[in-house]
Amino acid sequence: DLWSIAPGKPSMEMFLISAILAALLLAPFALKTFCPYAWMDLLYFGDLVRILVRFVSRRRRRPLFFALDRFLEQSSAHPDRPFVVFEGESYTYAYADKRSNRIAHALRSHRGYEAGDTVALFMGNEPAFMFTWLALAKLGSPVALLNHNIRSKSLLHCFNCCKARVLIAAPELKEAVEDVLPSLMEQGVTILLMSKQCDTPGIEGFSDKVDQASDAPLPRSLRSQITFKSPAVYIYTSGTTGLPKAALVNQNRLLTALVVLSSNGVKTNDVIYLNLPLYHTAGFIIGFIGSIETGSTIILKRKFSASQFWDDCRKYNVTVIQYIGEVMRYLCSTPKKDNDKDHKVRLAIGNGVRAEIWREFTRRFGNIQIREFYASTEGNVGFVNYAGKTGAIGRVNFFHKMLFPYALVQYDTERDEPIRDANGLCLEAPRGETGLLVSKITDIAPFVGYAQNEEQTEKKRLRNVLKKGDLYFNTGDLMRIDEDNFIYFQDRVGDTFRWKGENVATTEVSDILTISDCLKEANVYGVQVPGHEGRIGMAAVTVNKDTPFDGSKLYDHVASYLPSYARPRFIRIQNAVEVTGTFKQMKMKLVEEGFDPGLIQDPLYILDDRERSYKPLTAEVHSAIVSGSMKL
Ligand SMILES: *[C@@H]1O[C@H](CO)[C@@H](O)[C@H](O)[C@H]1NC(C)=O
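Residues numbered from 1 in each chain as written. Predicted model: local features only at pLDDT ≥ 70, side-chain atom pairs only at ≥ 80, totals over all residues. Heavy atoms only, no water.

(A) Region of interest: the overall build of the protein chain. Broken down by element type, the protein chain carries 21 helices and 30 strands. Across its three principal directions, the C-alpha atoms of the protein chain cover 75 × 70 × 55 Å. When burial is assessed residue by residue, the protein chain has 56% of its 632 residues classed as buried. Long-range contacts, defined here as pairs at least 24 residues apart, represent 68% of the contacts in the protein chain between residues at least 6 apart. Surface accessibility of the protein chain: about 27,600 Å² in total, with carbon and sulfur atoms responsible for 52%. Side chains of the protein chain give 77 positive and 71 negative charges; the mean places of these two sets differ by 5 Å. (Helix = DSSP H or I, 4+ residues; strand = E, 2+ residues; numbered from the N terminus. Buried < 20%, exposed > 50% of the residue type's maximum accessible area, 1.4 Å probe, protein only. Contact = heavy atoms within 4.5 Å. Areas by Shrake-Rupley, 256 points an atom, 1.4 Å probe, with all protein chains shown as cover. Lys, Arg positive; Asp, Glu negative; His and termini not counted. Charge placed at Lys NZ, Arg CZ, Asp CG, Glu CD.)

(B) Fine view of the nonpolar core. Of all hydrophobic cores here, the largest spans 92 residues; its most connected members are Phe 83, Leu 107, Met 130, Trp 133, Leu 167, Phe 284 and Phe 288. A per-element tally of this core places helix α5 (residues 127–139) first, with 10 residues. Residue-level mapping places this core at the junction of two domains, with at least three residues from each of domain 2 (66–249) and domain 3 (258–377). Core analysis: the second largest hydrophobic core is formed by 38 residues, Trp 499, Val 527, Val 529 and Ala 540 among them. (Core = buried A, V, L, I, M, F, W, Y, C linked by side-chain atoms within 4.5 Å. Domains from an automatic or database assignment.)

(C) Fine view of helix α2 (residues 38–59). For α2, built from 22 residues, the straight-helix expectation of 32 Å at 1.5 Å per residue is met to within 8% by its first-to-last C-alpha distance of 31 Å. For α2, the full list of buried residues reads Ala 38, Asp 41, Tyr 44, Phe 45, Leu 48, Val 49, Leu 52, Phe 55, Val 56, Arg 58 and Arg 59. (Expected span 1.5 Å × (residues − 1).)

(D) The domain arrangement of the protein chain, seen in detail. In terms of domains, the protein chain is made up of domain 1 (1–34), domain 2 (66–249), domain 3 (258–377), domain 4 (397–492) and domain 5 (497–627). The straight-line distance from the C-alpha centre of domain 3 to that of domain 4 is 29 Å.

(E) Here's a closer look at the site of the ligand. Near the ligand, the surroundings consist of Lys 315, Asn 317 and Lys 344. At a separation of 2.3 Å, an oxygen atom of the ligand approaches a polar side-chain atom of Asn 317. Within the contact set of the ligand, an oxygen atom lies 3.2 Å away from a side-chain nitrogen or oxygen of Lys 344. A total of 360 Å² of accessible area belongs to the ligand in isolation, and the protein chains cover 28% of it. (Near = heavy atom within 4 Å. Polar contact = N/O pair within 3.5 Å; in protein donor to acceptor, adjacent residues only side chain to side chain.)

(F) The sheet that holds strand β4 (residues 143–146), seen in detail. Taken in spatial order, the seven strands make up an open sheet running β7-β6-β5-β3-β4-β8-β9, and their pairing is mixed. Each edge of the open sheet carries a strand with a single partner, namely β7 (204–205) and β9 (245–250). Judged from the six bridges that link them, strand β8 (residues 231–237) and β9 form a sheet pairing that is antiparallel. Looking across to β9, one finds that Val 233 is bridged to Val 249. (Pairing = 2+ DSSP bridges.)

(G) Main features of empty space enclosed by the protein. Counted by the stated rule, this structure contains five cavities of 30 Å³ or more. Lining the largest cavity are 13 residues, with Leu 68, Trp 133, Ala 137, Ala 232 and Gln 251 sitting closest to its centre. Looking at the lining of the largest cavity, the elements that each hand over two or more residues are α3 (67–77), α5 and α10 (251–257). Counted by class, the lining of the largest cavity contains nine nonpolar, three polar and one charged residues. By volume, the second largest cavity is sized at about 50 Å³. Along the walls of the second largest cavity sit Ile 51, Arg 54, Phe 55, Arg 58, Leu 255, Thr 256 and Val 259, which together make up its complete lining. Listing elements by their share of the lining of the second largest cavity, those giving two or more residues are α2 and α10. Broken down by element, the lining of the second largest cavity gets its largest block of residues, four residues, from α2. Counted by class, the lining of the second largest cavity contains four nonpolar, one polar and two charged residues. (1 Å grid on protein atoms, 1.4 Å probe; cavity = no way out; pocket = protein on both sides within 12 Å on 5 of 7 lines; lining within 4 Å. Points joined across faces, edges and corners; volume = space filled by probe spheres on them. Nonpolar A, V, L, I, M, F, W, Y, C, P; charged D, E, K, R; others polar.)

(H) Spotlight on the packing of α3 against helix α12 (residues 281–294). Between α3 and α12, the least distance of the axes is 8 Å, while the angle of their chain directions is 50°. One element, α3, and the other, α12, form an angle in the oblique class. Helix-helix and strand crossings are classified by hand; for α3 and α12 the assignment is left-handed. For the pair α3 and α12, the contacting residues are Ala 67, Arg 70, Phe 71 and Gln 74 in the first and Ile 292, Glu 293 and Thr 294 in the second. (Axes fitted to C-alpha atoms, helices over the stretch in contact; angles between N-to-C directions. Parallel < 35°, antiparallel > 145°, perpendicular 65-115°, else oblique. Left-handed = near helix turned anticlockwise from the far one by under 90°.)

(I) Local environment of the packing of aromatic side chains. The final tally for this structure, using the stated rule, is 28 aromatic pairs. Between Phe 45 and Phe 399, the aromatic rings sit 4.3 Å apart at their centres with planes inclined by 40°, giving tilted as the arrangement. With Phe 45 in helix α2 and Phe 399 in helix α16 (residues 398–403), this pair connects stretches of sequence that are 354 residues apart. With a relative accessible area of 2%, Phe 399 lands in the buried category. Taking 4.9 Å as the distance between ring centres and 85° as the angle between the ring planes, the aromatic pair formed by Tyr 273 and Phe 309 counts as edge-to-face. Separated by 36 residues along the polypeptide, Tyr 273 in strand β10 (residues 271–274) and Phe 309 in helix α13 (residues 309–315) bring together distant segments of the chain. The exposure class of Phe 309 is buried, given its relative accessible area of 0%. One cation-aromatic arrangement involves Arg 395 over Phe 486; the distance from NZ or CZ to the ring centre is 4.8 Å. Above the ring of Tyr 488, the side-chain terminus of Arg 480 is found at 4.7 Å from the ring centroid. (Phe/Tyr/Trp six-rings, centres within 6.5 Å; stacked < 30°, edge-to-face > 60°. Lys NZ or Arg CZ within 6 Å of the ring centre and 35° of its normal.)

(J) Molecular detail of unusual backbone geometry. The omega angle of the peptide bond from Arg 62 to Pro 63 is -5°, so this bond is cis rather than trans. Checked against the element boundaries, Pro 63 lands in the loop between α2 and α3. In this structure, Glu 87 is a non-glycine residue whose phi angle is positive, near 45°. Residue placement: Glu 87 occurs in the loop between β1 (82–86) and β2 (89–92). The exposed category is assigned to Glu 87, whose relative accessible area is 58%. One non-glycine residue with positive phi stands out, namely Arg 612, at about 50°. Among the secondary structure elements, Arg 612 is positioned in the loop between β29 (604–608) and β30 (613–616). For Arg 612, a relative accessible area of 46% corresponds to the partly exposed category.

(K) Representation of the pairing of strand β20 (residues 435–440). Taken across its six residues, β20 has five buried, putting it largely inside the fold. Summarising the sheet, β20 and strand β22 (residues 471–481) pair through five bridges and their orientation is antiparallel. Within the sheet, the bridge partner assigned to Gly 435 lies in β22 and is Met 479.

Put into structure tokens, the structure is as follows:
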């Protein structure tokens, strides 16, 4: 591994020097080819080099320098600056440092904990989440970030797959822990509840022990066995099927991840609004770890609330917000207000916002710079839209691609696999067409995989992609690159279906639906129709209270934004759209339920091209479709 070379060896310098030389030699060529964005590309290359140099110099420090050490630097540089503000309470860097010392000491003296044990953290967004993580980092213990919405079998599965020995839970999750208690006790797990006491046998109150523990710094020797390959955190990624997988984030990756906010222009005096779950990459790595690097203040929210969003931004002078696509969509669908542009937010960082929502967002909330980027918890390639092109997630950059080779390959959405030629190699997607993003697994772009799950890890590896014997990471993401080299996210594999020979991207359709006047949320999927290939579009939606469902208005909206094959043929009106912790919508059940008015209680509508409207779907129409007498 290139990064683990001993200090003093010349290879790293050689690498950088040759990269810079290559850049200089190729610059005129690049300027010509990538005009008019060449300047931005060069600037971005400059950023890349700066990031790399900083990273390499950190990697050379002795004793080893980890993400935690950056926090320690910040807290000694400005102990009195607020680190996190939560529900009106402000906690300084010094407080976070001391509180995490106490937690660490209390745990260290607990007989149920041994040095280096993996600890599972089962807690919602609150400062204690951050303090506990810091404490465990100080002890050199890997932390499994459990999703606090999961229960029973799923909870046990997640707990077990990273071999945790200790569970630390928030008081409000006591019942969820009790549910799985017999099984945990059988395994001899130490279970600590962050409350003063707990009456349930097998679960110990922990916070009184923390209150009484020393706040003295912890000896660095406790972390002396940690290397850059040691696991730092486990983050669970949920697929569309099966149980969550624990992606192993090692110390090296966490160190790399420090720069995510600083490299996008976030500064020390920025105030960051963090409302995404801390158990996921967006909240934990980008929001939390990212602001450790910049030394900023985090305004932490228990959860996202569209109605409180801007009031919070005004109240706390928030300058940077974090988003995922759904957040932007929910914000845009709140009722308009006179003070929509009255705030200090200057930068929005995140991923998954569509061009239409992006435009609507800046129209409505003012001149906020949007930094859309692409990255995944376990993946080995990332992009950032440094040129500010609406709707793009990034840009093909010659230098970036030299360092991190990737390709878009043609994908068969029916068979759910890349298309291969006679020699068994993948075919690169022609420019402008959608392909699967695959990125070469190399020393500087490693793929660590999932804990205790070689099968799922192997599934993400793709061999013989462009040459016999090569090895790529399969991102599972479908992308498109336009004539100007901008990269657009199209869909997750599995989130597309085919109809009349065309791929329909469900998230795109649902974004279009939710910017219509009457719909609030939309979950789009494909359903099978007897006698038809592929799947036809269907949307489970919720309707705005003040604007009732209007079939012909919705038809006009859909027809003006979507090609005919992508227009949802069936609409199912629900009281609420079921979502998971990251707003990923639950589709499997809806797909199975289909569009039969005899089975579904919710009102169903069908798109009627002749009437230019969505009409109620009656039992007669349903049977005409099923019998084939009505063509779709
Ligand atoms: C926000 O900024 C205003 C004006 O700059 C200042 O008066 C106010 O105290 C600030 N509020 C917070 C919570 O920092």
